Amino acid sequence: MDVEQRIRERLGSGDLAAAATLGVERYGREVRAFLIRLLRDVPEATDVYAQACADMWSGLGNFQGRSSFRSWFYVIARHAAARSLRAPHKAICFLHGVDALDTSELSDVDCGTCSSVEAQTWFTQFWRALPEQDQVLLRLRVAEELGFRDVARAFLNNDATAQELTREAARLRKRFQHLKEGMRYRAHWSNSQDP
């Protein structure tokens, strides 16, 4: 029996503590790692992770199972991170490294003949110019390997209808393709400018 089914069984029997424990044991490390990569600040990410766990615990009784527990936990973590970044006393710069984005999902973006250092420098500049939502989209889709429907949940409220999720997933898929095309264009343009 997989962990998602075990979590649902615990929730069905009203054992919220056991469901939360299973969820944190199975997904806690990856959600915390996601927050560290997202915020690029380990102490801040640790605080946000603690808040996400508290939010998950307080909302667990309302979890309706329309998504996997995993994607629901990511939604909660992303919302906790967004609240942290909006806090007026924060001076965090929402810039990310590129280490976790070197996957097959972006393999069709050709950087030409540039070296890996040049490619990383180029991509870092591209990445830093992206709006926060595009960075989160790439991070969730590529680094965390969430499907577009689960990524859509991270961008919408937990009470989104199936129709809203479908529309948002389609919008994000189109945005993702647009980002890849932009990367291809800029990589090609950058290569054509080299002597």
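On a predicted model such as this, the values are computed, not experimentally measured, just so you know. (Residues numbered from 1 in each chain as written. Predicted model: local features only at pLDDT ≥ 70, side-chain atom pairs only at ≥ 80, totals over all residues. Heavy atoms only, no water.)

Engineer: Even after reading the chapter, I still don't get the packing of helix α2 (residues 16–39) against helix α4 (residues 69–86), so can you show me in this structure?
Structural biologist: Two measures define how a pair of helices packs: the angle their axes make with one another and the distance between the axes. Packing of α2 against α4 leaves a shortest axis separation of 10 Å and a crossing angle of 35 degrees. For the crossing formed where α2 meets α4, the hand is right-handed. Taking contact as the criterion, the partners of Gly23, Val24, Tyr27, Gly28, Glu30, Val31, Phe34, Leu35, Leu38 and Leu39 in α2 are, on α4, Phe69, Arg70, Phe73, Tyr74, Ala77, Ala81 and Leu85. Each residue belonging to the contact of α2 with α4 can be placed in one class, and the counts come to 13 nonpolar, two polar and two charged. (Axes fitted to C-alpha atoms, helices over the stretch in contact; angles between N-to-C directions. Helix = DSSP H or I, 4+ residues; strand = E, 2+ residues; numbered from the N terminus. Left-handed = near helix turned anticlockwise from the far one by under 90°. Contact = heavy atoms within 4.5 Å. Nonpolar A, V, L, I, M, F, W, Y, C, P; charged D, E, K, R; others polar.)

Engineer: Help me understand helix α6 (residues 132–143), please; the structure alone is not making it clear to me.
Structural biologist: Side chains that are three or four residues apart share a direction in an α-helix, a result of its 3.6 residues per turn. Its twelve residues give α6 an end-to-end C-alpha distance of 15 Å, which sits within 8% of 16 Å, the value for a rise of 1.5 Å per residue. The element α6 is extensively covered by neighbouring structure, given that ten of its twelve residues are classed as buried. Residues Asp134, Gln135, Val136, Leu137, Leu138, Arg139, Leu140, Arg141, Val142 and Ala143 constitute the buried set of α6. (Expected span 1.5 Å × (residues − 1). Buried < 20%, exposed > 50% of the residue type's maximum accessible area, 1.4 Å probe, protein only.)

Engineer: What is the right way to look at the nonpolar core in this model?
Structural biologist: Soluble globular proteins tend to bury their nonpolar side chains together. Ranked by internal contacts, the top residues of the largest apolar core, which has 48 residues, are Leu35, Leu60, Phe69 and Leu140. Looking at this core, the elements with two or more residues in it are α1 (3–12), α2, α3 (42–59), α4, α6, α7 (148–155) and α8 (162–193). Among all residues touching Leu140, those that are not within four sequence positions of it are Phe34, Tyr74, Arg78, Glu145, Leu146, Val151, Ala154 and Phe155. (Core = buried A, V, L, I, M, F, W, Y, C linked by side-chain atoms within 4.5 Å.)

Engineer: I keep staring at the packing of aromatic side chains and nothing clicks. Help me out?
Structural biologist: Aromatic ring pairs are described here by two measures, namely the spacing of the ring centres and the angle between the planes. Evaluated as defined, the whole model comprises eight aromatic pairs. Each ring, one from Phe63 and one from Phe69, has its centre 6.0 Å from the other, and the planes form 80 degrees; the classification is edge-to-face. Side by side, Phe63 and Phe69 carry an identical accessibility label, which is buried. Taking NZ or CZ as reference, Arg78 lies 4.5 Å from the ring centre of Phe155, over its face. (Phe/Tyr/Trp six-rings, centres within 6.5 Å; stacked < 30°, edge-to-face > 60°. Lys NZ or Arg CZ within 6 Å of the ring centre and 35° of its normal.)

Engineer: Could you clarify how one ought to interpret unusual backbone geometry in this entry?
Structural biologist: Comment: phi is negative for the bulk of residues other than glycine, and the bulk of peptide bonds are trans. The phi angle at Arg40 is positive, at roughly 55 degrees, despite the residue not being glycine. Mapped onto the fold, Arg40 is located in the loop between α2 and α3. Its relative accessible area of 46% is what places Arg40 among the partly exposed residues.

Engineer: Would you take a moment to explain the side chain of Ser71 for this structure?
Structural biologist: Looking at where Ser71 falls in the secondary structure, it is placed in helix α4. Apart from residues lying up to four places away in sequence, Ser71 is in contact with Asp150 and Arg153.

Engineer: Whenever I open this one, α2 confuses me. Can you help?
Structural biologist: Between its first and last C-alpha atoms α2 spans 29 Å; for 24 residues at 1.5 Å apiece the expected length is 34 Å, and the helix comes up short by more than 12%. Remark: the principal bend of α2, roughly 60 degrees, maps to Tyr27. Among the residues of α2, those classed as buried are Ala19, Ala20, Leu22, Gly23, Tyr27, Gly28, Val31, Phe34, Leu35, Arg37, Leu38 and Leu39. Arg40, located one to two residues past α2, shows a positive phi value of around 55 degrees. (Bend = angle between axes of the 7 residues up to and from the residue.)

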